[in-house]
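Structural description and commentary
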Amino acid sequence: MPQVDLEQSILDGIAVGLIVLAADKTIARWNTWMVAASNRSFGAVEGKTIAEVFQGARIDAVERAIDFALTGGASTLLTNAMHPELLPLSTLAGQPLLHDVVISPLPGAPSSGCLLQIIDVTEATRRERFLRDRQNARYYALVESAPDVILNVDSEGVIRLANAAASRHFGYSAEELVGHKAAQFFEPESAWPDIWRSVATSSVAEAPVEVPVRLKDGGLRHFELSAAPWTDGTRTFTTAILRDIENRRAAEAVLRESERQSRANERAMAELNEALRESTDQLRAMDRRKNEFLATLAHELRNPLAPLRNGLQLLKIAKDDVALSERTRHMMDVQVGHMVRLIDDLLDVSRISNDRIALTKEVTSLDRIIRQAVVTSNPLIHGQQHTLTIDLPPHEIALEVDAVRMTQVFANLLNNAAKYTPAHGSITITAEERDDSVIVRVIDNGIGIPRESLRQVFEMFMQVDQSLERAQGGLGIGLSLVKRLVEMHGGTVEANSRGPGMGSEFVVRLPVPKRSVMAGPAGEPSAAPAPMAQRILVADDNKDAAATLALLLKLLGHETRTANDGIEAVEIACQFRPEVVLLDIGMPRLNGYDTARRLRQETWGRDLLLVALTGWGQEADRLKSSGAGFDLHLVKPINVAEIQRLIVRSRSSPRTRHPA
Amino acid sequence: MIYKLLIVDDSKLARMAIVKELNACYPDWQRIEAGSAADALRAVEQEQPQIALVDFNMPNRDGLDLAADLRALTPNMPIGIVSANHQQEVVDRARALGASFLPKPVTEKSLREFLTSATKQLQGAAS
Amino acid sequence: MTAEAYGDVALSDLEFDSLTELVNLGVSRAASNLALMVREEVVLTVPKVALLSRNDAIRTLGERAAKSLVAVHQTFEGAIVGRALLIFPEEKSLELVRSLVGSELSNEEIIELEQEALAETGNVILNSCLATIANSLQSSLKMSLPEVLRGESARFFSLPPPPAGGTTVMFIYIDFLVRRRNIEGYIAMMMDLPSLTALQSLLQDLIRRTGGPVSG
């Protein structure tokens, strides 16, 4: 085969474009492939330069390469990737023909020419592009659609890729992220290298790290960072994923706070429950004691009834035996006294429970009160054969107190001392003035009080030793009454004892009024001068009650009349013009209130001392009576001495004039 | 007119090459060689050349830097920057200094062109 | 060409100076050509040229860049024979590629183009250098097409030698600066010089042509 033919066959047969340029850069050879791809025949291009053939094409790179080859013997590879459209070539199907160009010198110095090879890379490029596009689509879908921030950072810490979520979360645009050092977005920047090192040097993604990120708007938000390095063969990159945990942190903080709250609430609940349990226990204990009290009360009330009944029998039988009658009467009096006291106590209990004790304060002397208390508790003291010592300061100490109640206070304390001291004991009552108060002490050498009970003794229904109390006929309310009354006067009471068998001391402190004026009505000592005689009308539908009361008053020196109903009372009063009228409330025809009103309407009725006698001692009743015009309100059974005292008092002081 | 030409290049070969071309153009001119910017400045002080050829690509201080110094010392001295790197930016920077640009390796032709305009410039200034 | 003994061939100061000047010329030319590609000012400077034994070269490169490297490889033949390797350290090369192809492309696209871009960049630099050297020495050289290699530094020096292998390596550090983008870094060029003697004789010819005997 001739050499020339072989050469031409080879040129036309190979699957690459071949152009041979002469030393002057003109085209010397143009193979078939080139003809097909360029749509130019050899005849059309022979002797021309590449530039002339492909006018307008951007072939500077090709021209440079040609120069290099011709002058420097250099071979050049121009890839389609770097030079997308070197020569305007097309495939047999009319599509753009993607190609690489290789330019190399022909031998010789200087070169006799150069060779251009045009290599079709269309298919390969398309396939690559297709694969890449598919890859990118997958990648893009994953990365761009991810809700979390995804960053690609190179080994110098520069962000090379930031997904859409990055811009969304951080507030920076893609341009503001890509190409910038990642460190600048974290707070503080200096923390970044450590984080990065720990993340980048492990081949497995480390446990996520919490990092604060400075957003574009200046805010700080926390993210969880996890990262893994990857390499493309030469260089390493790190893909970092950041998840916004600000809400989680906030929620965690809220949760922690609510847990703390709920623990605090639990504690509070536990405390409340504890307090509730305690008060329930206390209530139960109180209830128990109250029940015991009621039982005792019932028992106590019954006690005097028997002797009273017996007494009546005796009086009937021995009506001629004066001495016996006298003894019996005395005994009955005592029993009635017990009952009265019991019932008074009961009423007091009710008043204390309903907060209904009303004080009638007056200026009086401590001396008088204490001596009256002593008189009251004398029977018990002497009964036990105790020695009583009274140690009061010589000067008068003025007090503004409810005399009756305060006497009750000290009488109770003395009674207690007497009860709880074995026979032949000694009781002392002392008083001293200090600063603005007076301190009264009742001391005994009796059975004492255990330390733990010192405060409890003042509680309602509390009896330290029940058997003893019952034996003495008490209900266990004395001390609580004392405490209440003392406190109502602005004072304090406390119990002291060195222990069982070591005796006890009760200390009452009362405030002393600043002005120690002894003005006003004075309390009436028992040894008082004879009262002035009064005209007294006693009205009660109980004929015997009226009669006996009138008789007693008469014996005291007064002039008396009786009536048995309201109308009669008014009639008699008209004639008798009494100075004192004792009215029972529950009378027929005209009840006590209406009778009182009638009396008050009279001119002579305005100044008289009108006393209501009633079985009801509640506050409402008192108000009602004073509203009807009564001056005083006494609860049956009446103590004549009391009436006497009242009469004397009222007569020696100016009274409120009642309006007509 | 006989002039003094300062040749600055760290490469001896390059200096030799220029000298060779100079011999072809103006064999009787005086030539002063300097291998560094420091040497060049010393030479200017001592020898007072009228024209300078400066290699662009020198270690420590590049030729344009030196040219600026020379310009400050002798405002009217014609200066040529020699470089194989004839990028537009380098050419522009040379022009900005009022210096000419000669591609490397220096040919007789380009050297002659430069020296002709240089002498013209000097004669113009003198008159 | 049979393998010759090396290492004992020492260049004189002027010879070495001339070689350095040739390299500078070549690299400057390369900068110009690169600038045309990049369409921005490119500054390439040569801080260091050294002739080393192969082992020393491996060590030197190992010191500078122990990690994997990317290199463009070309062989040349003519009066002098050898291979040239343009070595790009990791990060900088990608920057360089980015400046070559434009920053509009994504990181992935840049990585994909890296191979071709480096090949072409290396091709231009090596061609410029080699062609310039060849021309100056008035000795024609034929250069092969570029091939991109990846690997450890040691591997580059253990490549099967071209027909005539050698143990002398000319080591050239090239600092590059793409001014407007503030990209800077270095490229290492190594030339296997089996025929150092041939090179020396070419250099001597050049010196003679240029100025004859050494002056000053």
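Basis of the calculations
- Within every chain, residues take consecutive numbers counted from 1 along the sequence as written.
- Throughout, the order in which chains and ligands are written sets their labels, letters from A for the former and numbers from 1 for the latter.
- Given that this is a predicted model, residues contribute local features only at a pLDDT of at least 70 and side-chain atom pairs are listed and counted only at 80 or more, while totals for whole chains, interfaces and linings are drawn from all residues.
- Calculated side-chain values reflect all of the structure's heavy atoms, with hydrogen atoms and water omitted.
- Numbering goes from the N terminus for both helices and strands, where a helix is a DSSP run of H or I of at least four residues and a strand is a run of E of at least two.
- Relative accessible area decides the class of each residue, using a 1.4 Å probe on protein chains only: under 20% of the type maximum gives buried, over 50% gives exposed, and in between gives partly exposed.
- In this description, contact between two residues means that some pair of their heavy atoms is separated by no more than 4.5 Å.
- For every accessible area listed, the method is Shrake-Rupley and the probe measures 1.4 Å; residues are considered covered only by the protein chains on display.
- Here, expected helix span is obtained from the residue count minus one, scaled by 1.5 Å.
- Once two parts are joined, some of their accessible surface, as seen by a 1.4 Å probe, is lost; buried area is that loss totalled over both.
- Whenever a nitrogen or oxygen atom comes within 3.5 Å of another N or O atom, the pair is scored as a polar contact, on the condition that within protein one atom can donate a hydrogen and the other can accept it, and that pairs from neighbouring residues in sequence are kept only if both atoms are in side chains.
- Each residue gets one label: Ala, Val, Leu, Ile, Met, Phe, Trp, Tyr, Cys and Pro are nonpolar, Asp, Glu, Lys and Arg are charged, and the others, such as Gly, are polar.
- The salt bridge criterion pairs a side-chain nitrogen of Lys or Arg with a carboxyl oxygen of Asp or Glu, the two atoms within 4 Å.
- Here, any two strands with at least 2 DSSP bridges between them count as paired.
- Fitting a line to C-alpha atoms yields each axis, with helices limited to the stretch in contact; the angle taken between N-to-C directions then spans 0 to 180 degrees.
- Taken from the helix axis, the directions to the C-beta atoms give the arc we talk about.
- Each residue gets a pLDDT score, which is the predictor's confidence in that residue and runs from 0 to 100.
- In this text, buried Ala, Val, Leu, Ile, Met, Phe, Trp, Tyr and Cys residues form a nonpolar core when linked through side-chain atoms within 4.5 Å.
- All tallies of charge rest on Lys and Arg as positive and Asp and Glu as negative; His and the ends of each chain are not included.
- Any pair of Phe, Tyr and Trp rings, taking the six-membered ring for Trp, is counted once the centres come within 6.5 Å. Such a pair is stacked with planes under 30 degrees apart, edge-to-face with planes over 60 apart, and tilted for the rest.
- Within the patch definition used here, like charges are joined within 9 Å and nonpolar side chains (Val, Leu, Ile, Met, Phe, Trp, Tyr) within 5 Å, considering only residues with over 30% relative accessible area and no salt bridge.
- Oblique is the label for any angle not under 35 degrees, not over 145, and not in the 65 to 115 range, which are roughly parallel, roughly antiparallel and roughly perpendicular in turn.
- Should the near helix be turned anticlockwise from the far one by less than a right angle, the crossing is left-handed, and should it be turned clockwise, the crossing is right-handed.

We now examine the overall build of chain B. In terms of regular secondary structure, chain B is built from 5 helices and 5 strands. The 127 residues of chain B split such that 51% are buried. When contacts within chain B are restricted to residue pairs at least 6 apart in sequence, those whose partners lie at least 24 apart make up 68%. Of the roughly 5,800 Å² of accessible surface on chain B, 51% is carried by carbon and sulfur atoms.

Within chain A, the secondary structure is distributed over 20 helices and 22 strands. Counting across all 660 residues of chain A, residues that qualify as buried make up 41%. In chain A, the proportion of contacts linking residues at least 24 apart, taken out of those at least 6 apart, comes to 59%. As displayed, chain A has an accessible area near 35,000 Å², and 54% of this comes from carbon and sulfur atoms.

Residues and elements named next belong to chain A. Taking 1.5 Å per residue, 13 residues should reach 18 Å; helix α5 (residues 60-72) reaches 17 Å between its end C-alpha atoms and fits that length. Taken together, the buried positions of α5 are A61, V62, A65, I66, F68, A69, L70 and G72. Following α5 by one or two positions, G73 adopts a phi angle in the positive range, close to 70°.

Think of interface size as the accessible area that goes away when the parts come together; that is how it is often given. In this assembly, 26 residues from chain C lie in contact with 19 residues from chain B. For the pairing of chain C and chain B, the buried interface totals around 1,900 Å² over both sides, and the portion due to carbon and sulfur atoms is 51%. It is C:E21, C:E41 and C:T210 in chain C that bury the most area against chain B; as a group they hold 29% of the surface buried on that side. Counting every contact that joins chain C to chain B gives 8 residue pairs in polar contact (both at pLDDT 80 or more). Those elements that provide at least two residues to the side of chain C that touches chain B are α1 (13-38), β1 (42-53) and α6 (196-211) of chain C. Here the residues of the side of chain C that touches chain B sort into 9 nonpolar, 10 polar and 7 charged.

Residues and elements named next belong to chain A. Taken as a whole and assessed by the stated rule, the structure comprises 33 salt bridges over all chains. In this structure, the salt-bridge partner of R441 is E505, at a minimum N-O distance of 3.7 Å. With R441 in strand β15 (residues 437-444) and E505 in strand β17 (residues 504-511), this pair connects stretches of sequence that are 64 residues apart.

Between B:K104 and B:P105 the backbone carries a cis peptide bond, its omega angle lying at -5°. As for its placement among the helices and strands, B:P105 is situated in the loop between β5 (100-103) and α5 (108-126). With a phi angle near 50°, A:D435 is a residue other than glycine that sits in the positive phi range. Structurally, the position occupied by A:D435 is in the loop between β14 (426-434) and β15.

Residues and elements named next belong to chain A. Taken in spatial order, the 5 strands make up an open sheet running β7-β6-β10-β9-β8, and their pairing is antiparallel. What marks the edges here is a single partner per strand, and that holds for β7 (159-162) and β8 (209-214). Strand-to-strand, the axes of this sheet are offset by a mean angle of 35°, without reference to chain direction. Across 3 bridges, the pairing between strand β6 (residues 149-154) and β7 is antiparallel. Within β7, the residue paired with V153 across the bridge is I159.

For the rest of this paragraph, the subject is the interface of chain C and chain A. Facing 38 residues of chain C, the contacting portion of chain A comprises 32 residues. Taken over both partners, the interface formed by chain C and chain A buries close to 2,800 Å², and the fraction arising from carbon and sulfur atoms is 52%. One can count 0 salt bridges joining chain C with chain A. One can count 6 residue pairs in polar contact (both at pLDDT 80 or more) joining chain C with chain A. The element that contributes the greatest number of residues to the side of chain C that touches chain A is helix α4 (residues 107-136) of chain C, accounting for 15 residues. Partitioned by chemical class, the residues of the side of chain C that touches chain A number 15 nonpolar, 10 polar and 13 charged.

This part is about helix α4 (residues 88-96) of chain B. All names here are of chain B. Turning to α4, its buried residues number three or more, namely V90, V91 and A94. Burial along α4 is one-sided: seen end-on, the buried residues are contained in an arc of 100°. Exposed and facing more than 90 degrees away from the buried side of α4 are R95 and A96. Lining the buried residues of α4 we find α3 (63-73), β4 (79-83) and β5. Of the residues one or two after α4, G98 is the one with positive phi, at around 80°.

With that settled, the discussion passes to the confidence of the model for chain B. All names here are of chain B. Averaged over all residues, the pLDDT of chain B is 87; the fraction at 70 or higher stands at 98%. Averaged pLDDT values over the elements of chain B bottom out at 84 in α4 and peak at 93 in strand β1 (residues 4-8). For this predicted complex, the interface confidence score (ipTM) comes to 0.78, while the overall pTM stands at 0.52.

Looking now at the nonpolar core. Residue and element names in this part refer to chain C. Judged by nonpolar contacts, the single largest core of 59 residues is most densely connected at V23, L34, L44 and L137. It is α4 that provides the largest number of residues to this core, a total of 12 residues. Once residues within four sequence positions are removed from consideration, L137 is found in contact with L22, L199, L202, L203, L206 and R209.

All names here are of chain A. Within the secondary structure layout, D100 lies in strand β4 (residues 99-105). Salt bridges are absent for the buried D100, whose nearest opposite-charge side chain, R129, sits at 10 Å. At 2.7 Å, the side chain of D100 and the backbone nitrogen of N80 are in polar contact. Not counting residues up to four positions away in its chain, the partners in contact with D100 are L78, T79, N80, Q117, I118, I119 and V121.

All names here are of chain A. Reading across from one edge, β2-β1-β5-β4-β3 is the order of the 5 strands in this open sheet, with antiparallel pairing throughout. With partners counted over all chains shown, the strands left at the sheet margins are β2 (27-30) and β3 (76-78), one partner each. On average, adjacent strands in this sheet sit at an angle of 15° to one another, irrespective of strand direction. In this structure, β4 lies alongside strand β5 (residues 113-120), joined through 7 bridges in antiparallel fashion. Counted as the bridge partner of S104 is L115 from β5. This element, α5, spans β1 (17-22), β3, β4 and β5 of the sheet and lies at about 140° to β5.

As a further point, take the packing of aromatic side chains. All told, the structure shown has 8 aromatic pairs over all chains when counted by the stated rule. On the basis of an interplanar angle of 80° and a centroid distance of 6.4 Å, the ring pair of A:Y593 and A:F630 is categorised as edge-to-face. Of this pair, A:Y593 sits in helix α18 (residues 592-601) while A:F630 sits in the loop between α19 (619-628) and β22 (632-635); the two residues are 37 residues apart in sequence, bridging distant segments of the chain. Across the pair, A:F630 and A:Y593 agree in class, each one buried. Between B:Y3 and B:W29 the ring centres are 5.3 Å apart and the planes differ by 70°, which places this aromatic pair in the edge-to-face class. In this pair, B:Y3 sits in the segment before β1 while B:W29 sits in the loop between α1 (12-25) and β2 (30-34), placing the two residues 26 residues apart along the sequence. Among the aromatic residues, those joined into a ring-pair cluster are B:Y3, B:Y26 and B:W29.

With that settled, consider a nonpolar patch on the surface. Residues and elements named next belong to chain A. Together, L551, L552 and L555 give the surface a local cluster of nonpolar side chains, amounting to about 320 Å² of exposed area. Its place among the elements puts L555 in helix α16 (residues 543-555). Looking at L555, the relative accessible area reads 67%, which means it is exposed.

Now for the packing of α5(A) against α4(C). Contact geometry of α5(A) with α4(C) gives a least axis separation of 10 Å together with a crossing angle of 30°. In terms of axis orientation, α5(A) runs roughly parallel to α4(C). The crossing of α5(A) and α4(C) is left-handed. Contact residues: α5(A) offers A:F68, A:T71 and A:G72, while α4(C) offers C:V124, C:N127, C:S128, C:A131 and C:N135. Residues that form the contact of α5(A) with α4(C) fall into these classes: 3 nonpolar, 5 polar and no charged.

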